[in-house]
Amino acid sequence: HVWHQTWTTLAANIINWELEQNTGWRNHGNEVELARPVPKTEIRLYGKIDRIDQAPEQERIIDYKTGASAGPKQIASGENVQLLTYALLDSEATEAAYLPLTTDKEIKTKNGIPSARMDELRNQALERLTDMLSAMQKEARMPANGESNTACKYCKIDGLCRTQVLAENTET
């Protein structure tokens, strides 16, 4: 019974969101697999985008979320790379957003890459990626990124990561 009630509520929320989107946006594809070479490398980037919507002169990447999604600062800084990676894969995308699938409130897209910043953030992500791949090829030490007070307590590889060591060294 609980599963049925949850699904019924979620389905209604999704249908309501779909009806609100009837402003020119149309579903162009679901579970879209894309691949693209990374410039200046022999590496190909692969990904599967949950959904791509199109409107006249626009294309939007949608990533369904059943849990927490990254915030605007995490996306813009490159700390969270999921939507940015999808933006690299889909060069036609003019915006990207998370769509939380929830039964407790109205569904709305949130925390994404607005069209006004898409090109800028896509270019920054590509630059970070090519710099990182170049450094790895040269066997350079990689920076320890992350917010050790939040992300590390959930991480399964905290014993391998240098984030905590970096934090300890900067405190002394």
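Residues numbered from 1 in each chain as written. Predicted model: local features only at pLDDT ≥ 70, side-chain atom pairs only at ≥ 80, totals over all residues. Heavy atoms only, no water.

**A short note on the sheet that holds strand β2 (residues 44-55)**
In plain terms, the rule: Any two strands are treated as partners once DSSP identifies two or more bridges connecting them. Secondary structure follows DSSP: runs of H or I at least 4 residues long count as helices, runs of E at least 2 residues long count as strands, and numbering of each begins at the N terminus. Axes here mean lines fitted to C-alpha atoms, for a helix over just the part in contact, with angles spanning 0 to 180 degrees between N-to-C directions. Throughout, a residue-residue contact means that at least one pair of heavy atoms, one from each residue, lies within 4.5 Å.
What the five strands build is an open sheet, ordered β1-β2-β3-β4-β5; its pairing is mixed. The sheet is open, and its two edges are formed by β1 (26-37) and β5 (110-113), each paired on a single side. Direction aside, the axes of adjacent strands within the sheet are offset by 35° on average. Taken together, the 10 bridges between β1 and β2 define a ladder with antiparallel strand orientation. Pairing of G29 across the sheet is with I52, part of β2. Against the sheet, helix α1 (residues 2-20) touches β2, β3 (58-65) and β4 (95-100), its axis set at about 70° to β2. Its contacts with the sheet put helix α3 (residues 82-89) on β1, β2, β3, β4 and β5, and the angle it makes with β2 is roughly 85°.

**So, the pattern of salt bridges**
Selection criterion: Between Lys or Arg on one side and Asp or Glu on the other, a salt bridge is scored when a side-chain nitrogen of the former is within 4 Å of a carboxyl oxygen of the latter. Note on classification: 1.4 Å probe, protein chains only; a residue is buried when its accessible area is under 20% of the maximum for its type, exposed when over 50%, partly exposed between these limits.
One pass over the structure, following the stated rule, counts eight salt bridges. With a shortest N-O distance of 2.7 Å, R51 and D53 are connected by a salt bridge. Residue R51 shares its accessibility class with D53, and that shared class is buried. One salt bridge connects D63 with K65, and the closest N-O pair in it is separated by 3.3 Å. Exposure class is identical for D63 and K65. Each is buried. Each of E18, R51, D53 and R60 takes part in salt bridges that share partners, so that together they form one network.

**Remarks on the side chain of R60**
Summarising the element assignment, R60 is placed in strand β3. On the basis of relative accessible area, R60 is assigned to the buried category, the value being 5%. Not counting residues up to four positions away in its chain, the partners in contact with R60 are W17, Q21, W25, R51, I52, D53 and E95.

**Regarding the packing of α3 against helix α4 (residues 118-137)**
Selection criterion: Under this scheme an angle from 65 to 115 degrees is roughly perpendicular, one under 35 degrees roughly parallel, and one over 145 degrees roughly antiparallel; angles in between are oblique. Residue polarity follows a fixed list, in which Ala, Val, Leu, Ile, Met, Phe, Trp, Tyr, Cys and Pro are nonpolar, Asp, Glu, Lys and Arg are charged, and the others, Gly among them, are polar.
In contact at an axis separation of 9 Å, α3 and α4 are set at 95° when each is read in the N-to-C sense. Considering the angle they form, α3 stands roughly perpendicular to α4. Between α3 and α4, the contacting residues are L84, A87 and L88 on the first element and M118, L121, R122, A125, L126, R128 and L129 on the second. Grouping the constituent residues of the contact of α3 with α4 by class yields eight nonpolar, no polar and two charged.

**Topic: the packing of aromatic side chains**
Using the following cut-off: For Phe, Tyr and Trp, rings pair up if their centres lie within 6.5 Å, where Trp contributes its six-membered ring, and each pair is then called stacked (planes under 30 degrees apart), edge-to-face (over 60) or tilted (otherwise). Put simply, a charge is over a ring when the Lys NZ or the Arg CZ is close to the ring centre, within 6 Å, and near the line of the ring normal, within 35 degrees.
Applying the stated criterion across every chain yields a total of zero aromatic pairs. Positioned above the aromatic ring of W25 is the side chain of R60, whose terminal nitrogen or guanidinium carbon lies 4.1 Å from the ring centre.

None of the figures reported here should be taken as evidence of function without further support.
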